[in-house]
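# A closer look at the structure
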Amino acid sequence: MSDARSEILGAVRDAIAKSHGSAAGGPTDIHADARSRLADHAANLIPARGRLGRKARVDLFIREAERVNATVARVSSTSGVPREVARFLAKNNLPMSLKIAPETSEDTIPWTEQTLLKVEEGRADGTEHASVSHAFAGVAETGTLVVLSGPGNPTTLNFLPPTHICVVAAPEIAGDYEEVWSRLRSEKAGEETGGGFMPRTVNWITGPSRTADIEQTLLLGAHGPQRLHIVIVDE
Amino acid sequence: MKSTAANFEDNAEKALADDKLKAALSKLSEGFPAKRREAADRLPEFESLRDQARDIKSHVLANLDFYLEQFEARVVESGGTVHWCRTAAEARTTILRICRNAGAKTVTKSKSMIGEEIAINEHLEHHGVEPVETDLGEYIIQLRHEPPSHIIAPAIHLSKEQVADTFRKSHPHLAPERALEEPRALLEEARSELRQKFLAADVGLTGANMLIAETGSIALVTNEGNADLTYSLPKTHIAIASLEKIVPTLEDATTILRVLARSATGQDMSVYNTFCTGPKRAQDLDGPEDFHIVLLDNGRSKMLGGEFHDMLRCIRCGACLNHCPVYKSIGGHAYGWVYSGPMGAVLIPNLIGLDEAGHLPNASTLCGKCEDVCPMRIPLPRMLRSWRTQQFEAGKTAPLSRSLLRAWAFVTARPWLYRIMVAPAVSALAALGRKGGRFRRLPLAGGWTKHRDLPAPEGGTFVSRWNRGERPGEKKP
Ligand code: SF4
């Protein structure tokens, strides 16, 4: 049996060479454009919608996130997060217990000040009611959160609990996705974890989970969380 | 799945007589097209983004060997494995082998059209591994042993009563008198049944909406979050994708995502867009330990550079189905295989042959709506015509149609004859059809009007109207 890889690549190469006509096989590099496309990773057309000053950008982010059924609150500093989270849980009649991402632990957020909150760190296992994770960025264009996996931010927190609370810093709300890719490339360059600057998982999250699979009726909370609460820290 | 595309005429006839199906499909035509229009109107750059999305994929296809090798190299660097498979059978064998090596009893699955194409569920089941579909629509049709009837809304043909029936039969451990009237109750039941499966699964099998050559990442798009539970909980993550899913960079993937959800459901963005790169890192608290990508050809390399080359740009958004008058009348099952609508009618003969799928290219009125709304600007009507030509040349068209088509060709090639013949017919039809503007029945054309109404022509022939100075207005798709 000949090797599948070389057979597939061979068939692809033949088809491409045929459409290049006589140019193929010559000294010219027929993939020169592709090589520079990968090296430059240039942005394509970016919609004007997100190109705004900082204040308007955060406002657009909030509008778009609410449009897709997320709820949003603003606090002036990380010390305000626990009170806002407690308020949100109480208002929705939810248990006062949380599984939080290590990145959002006591070192950055003073959870113990809210004595009613029971807070535990780690990944989700399906038993928890609500989680807190940290977004690397927000995208104003569509009210999207960009959440990176890592030891400090387990992916399961974003999907297993029925209520997901996500903390994002206002200065990290970008106009468009392209800005976030650039930031990721420059901040995570040289990470030696395999995958270069890409963590195992990058999650763009735009509103809470939903389905319209039964008679096109829109229902929130299909497999992922039914509630997405975004806490913006102004700093 | 075994194809019944060869029985298209019978399938379509049954579908047209099915009132439940008609009711379900009428919801589809009200929903998706209007939402797509709204989303497109909200983004002034939408049309230009479609051009760029098309150009990205055309560029990829012209450099596919290069990008495939780049993609593979990045996957390997990040600790994953790429398995090249020529055929559906090779892909099935590979997936089963990975499952066995992982000691898998249960495999959770997020919706994948490639999974349908290679019929992976039957294969796993046959070999003692339980596959569990987790997308709500796919879960429902898996319980009913049906193929999807729409590429993004697989259970669109069913009413909530039919779903409730299925759940009662398939979940005998639950209280028989429970209320299942509301869609919410059905969702809650599926959610809790599937929760246990997610947590117990040994392997998670996903598709991939895109493969990103720059980083070796796969992109996954869902609204439910089921794909995310599928890859993040089990020890092994397998992603299956066909060759043409490649895009060069994260920026290129982003451009395509901007047109995908808008074209598909009319959302600005799907809820979850996920980029997975390699297995979990050493210090991560969750994520799969092994990451495999099954890269499938199954007929794609043969389409490259040929008449159906442009079809390889397809991003499976479903817009061409949602806007197709034929699809909207008969639904997806009539097409007899896993794909349907205009994209299916072009793709299926490529994958299973014109002998088997010969009728499908005729399942179109060539109205052009599909091409108008296709985000990748795929010339679907041109390709449907080209299948028809091949079919005609191979002598597979029915003899009566052949002689009528020849006569028609003779007349239309001679404008003077065409005018003499058509003008009286048009006035006669217009006079007859005054009442409702449509004909339910026409003499000598029972085969046509049995399942179609023929709109009565208004205002004379095209040529006479043109000569009167009438010009069609610009209409938006
Ligand atoms: S052919 Fe075009 S419209 Fe149809 S599914 Fe593919 S990309 Fe979408």
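Not measured: the values here are computed from a predicted model.

## Here's the deal with the domain arrangement of chain A
When the parts of a complex come together, some accessible area is lost, and that lost area is often used as the size of the interface. Partitioning chain A into structural domains gives domain 1 (3-39) and domain 2 (49-233). Computed from C-alpha coordinates alone, the two centres of domain 1 of chain A and domain 2 of chain A are separated by 43 Å.

## Comments concerning the site of the ligand
As a matter of local geometry, the ligand sits amid 13 residues, with C314, C317, G318, C320 and C374 of chain B nearest to it. Within the shell around the ligand, the residues separate by chemical class into eleven nonpolar, one polar and one charged.

## Some thoughts on the pattern of salt bridges
The final tally for this structure, using the stated rule, is 45 salt bridges over all chains. Across the pair E47 of chain B and R377 of chain B runs a salt bridge, and its minimum N-O distance is 3.0 Å. Of this pair, E47 of chain B sits in helix α3 (residues 46-62) while R377 of chain B sits in the loop between α18 (369-373) and α19 (380-393), and the two are 330 residues apart along the sequence. Taking the shortest distance from any N to any O, the salt bridge between R86 of chain B and E90 of chain B comes out at 2.8 Å. The class for R86 of chain B is buried, based on a relative accessible area of 13%. Each member of the salt-bridge network shares a partner with another, and the members are R49, E64 and R67 of chain A together with R42, R262 and D268 of chain B.

## Points about the packing of aromatic side chains
A ring pair, where both rings are aromatic, is described by two values, the distance of the centres and the angle of the planes. Tallying each qualifying case throughout the model produces eleven aromatic pairs over all chains. Here the aromatic rings of F66 of chain B and Y67 of chain B are separated by 5.3 Å at their centres, their planes lie at 65°, and the arrangement is edge-to-face. Counting every residue linked through ring pairs, the aromatic cluster contains Y177, W181 and W204 of chain A together with F275 of chain B. Cation over ring: R183 of chain A sits above F136 of chain A, and NZ or CZ is 3.8 Å from the ring centre. Seen from the ring of F291 of chain B, R200 of chain A lies directly overhead, with NZ or CZ sitting 4.9 Å from the centre.

## Observations concerning helix α12 (residues 250-264) of chain B
All names here are of chain B. Helix length check: α12 (15 residues) gives 21 Å between terminal C-alpha atoms against 21 Å at 1.5 Å per residue, within 8%. Most of α12 is tucked away: 15 of the 15 residues are buried. Looking one or two residues beyond α12, the residue adopting positive phi is G266, at roughly 80°.

## A word on unusual backbone geometry
Residue and element names in this part refer to chain B. Although it is not a glycine, N298 sits at a positive phi angle of roughly 40°. Note that N298 resides in the loop between β10 (290-296) and α13 (300-303). We classify N298 as buried; its relative accessible area is 17%. The backbone of R316 shows a phi angle near 60°, a positive value even though the residue is not glycine. Within the fold, R316 resides in the loop between α13 and α14 (319-322).

## Observations concerning the sheet that holds strand β1 (residues 71-75) of chain A
All names here are of chain A. One open sheet accounts for six strands, arranged β1-β12-β7-β4-β2-β3; its pairing is parallel. The sheet is open, and its two edges are formed by β1 and β3 (118-121), each paired on a single side. Between one strand and the next, the sheet's axes are offset by a mean angle of 25°, whatever the strand orientation. Pairing of strand β7 (residues 163-169) with strand β12 (residues 227-233) involves seven bridges; the strand directions are parallel.

## Some points on the sheet that holds strand β6 (residues 144-148) of chain A
Sheet architecture is open: eight strands sit in the order β8(A)-β5(A)-β6(A)-β9(A)-β9(B)-β6(B)-β5(B)-β8(B), paired in mixed fashion. Of all the strands in the sheet, the pair left with one neighbour each is β8 (173-174) of chain A together with β8 (246-247) of chain B. As defined by bridge partners, strand β5 (residues 210-212) of chain B adjoins β8 of chain B across two bridges and the pair is classed as parallel. Note that in β8 of chain B the partner of L211 of chain B across the bridge is I246 of chain B. Strands β5 (137-139), β6, β8 and β9 (201-205) of chain A together with β9 (272-276) of chain B of the sheet are contacted by helix α5 (residues 177-188) of chain A, whose axis makes an angle of about 160° with β5 of chain A.

## Observations regarding the packing of helix α2 (residues 32-40) of chain A against helix α4 (residues 64-77) of chain B
The description of two helices packed together rests on the angle between their axes and the distance between the axes. Where α2 of chain A contacts α4 of chain B, the two axes come as close as 9 Å, and the packing angle between them is 35°. Between α2 of chain A and α4 of chain B the crossing geometry is right-handed. Seen from α2 of chain A, the contacting residues are A34, R35, R37 and L38 of chain A; seen from α4 of chain B, they are F66, Y67 and Q70 of chain B. When grouped by side-chain class, the residues that make up the contact of α2 of chain A with α4 of chain B number four nonpolar, one polar and two charged.

## A closer look at helix α10 (residues 183-200) of chain B
With 18 residues, α10 of chain B ought to run about 26 Å at 1.5 Å a step, and its terminal C-alpha atoms sit 26 Å apart, in line with that. Buried within α10 of chain B we find P183, L186, L187, E189, A190, R191, E193, L194, R195 and F198 of chain B.

## Overview of the environment of S301 of chain B
Relative to the helices and strands, S301 of chain B resides in helix α13. Sequence separation between S301 of chain B and S112 of chain B is 189 residues; the distance between their C-alpha atoms is 20 Å. When near neighbours in sequence (up to four residues on either side) are disregarded, S301 of chain B contacts A11, V12 and A15 of chain A together with L243 of chain B.

## Details of a negative patch on the surface
There is a patch of like negative charges on the surface, built from E106, D107, E113 and E121 of chain A. Relative to the helices and strands, E106 of chain A resides in the loop between β2 (97-100) and β3.

## Remarks on the interface of chain A and chain B
In this complex, chain A contributes 84 residues to the contact, which on the side of chain B involves 101 residues. Taking both partners together, chain A and chain B bury about 7800 Å²; carbon and sulfur atoms supply 57% of that area. There are 13 salt bridges connecting chain A and chain B. The salt bridge partner of R67 of chain A is D268 of chain B, with a shortest N-O separation of 3.5 Å. Taken together, the links from chain A to chain B amount to 48 residue pairs in polar contact (both at pLDDT 80 or more). Among the elements of the structure, α1 (4-20), α2, α3 (54-67), α5, β9, β10 (210-211) and β11 (219-220) of chain A are those that each provide at least two residues to the side of chain A that touches chain B. Ranked by the residues each element gives to the side of chain A that touches chain B, the list is headed by α1 of chain A, at eleven residues. Looking at the side of chain A that touches chain B residue by residue, the class counts come to 37 nonpolar, 27 polar and 20 charged.

The rules behind these values
- Residues numbered from 1 in each chain as written.
- Chains lettered and ligands numbered in written order.
- Predicted model: local features only at pLDDT ≥ 70, side-chain atom pairs only at ≥ 80, totals over all residues.
- Heavy atoms only, no water.
- Domains from an automatic or database assignment.
- Near = heavy atom within 4 Å.
- Nonpolar A, V, L, I, M, F, W, Y, C, P; charged D, E, K, R; others polar.
- Salt bridge = Lys/Arg side-chain N within 4 Å of Asp/Glu carboxyl O.
- Helix = DSSP H or I, 4+ residues; strand = E, 2+ residues; numbered from the N terminus.
- Buried < 20%, exposed > 50% of the residue type's maximum accessible area, 1.4 Å probe, protein only.
- Phe/Tyr/Trp six-rings, centres within 6.5 Å; stacked < 30°, edge-to-face > 60°.
- Lys NZ or Arg CZ within 6 Å of the ring centre and 35° of its normal.
- Expected span 1.5 Å × (residues − 1).
- Pairing = 2+ DSSP bridges.
- Axes fitted to C-alpha atoms, helices over the stretch in contact; angles between N-to-C directions.
- Contact = heavy atoms within 4.5 Å.
- Left-handed = near helix turned anticlockwise from the far one by under 90°.
- Patch = residues over 30% accessible without salt bridge, like charges linked within 9 Å, V, L, I, M, F, W, Y side chains within 5 Å.
- Areas by Shrake-Rupley, 256 points an atom, 1.4 Å probe, with all protein chains shown as cover.
- Lys, Arg positive; Asp, Glu negative; His and termini not counted.
- Charge placed at Lys NZ, Arg CZ, Asp CG, Glu CD.
- Buried area = accessible area lost by both parts, 1.4 Å probe.
- Polar contact = N/O pair within 3.5 Å; in protein donor to acceptor, adjacent residues only side chain to side chain.

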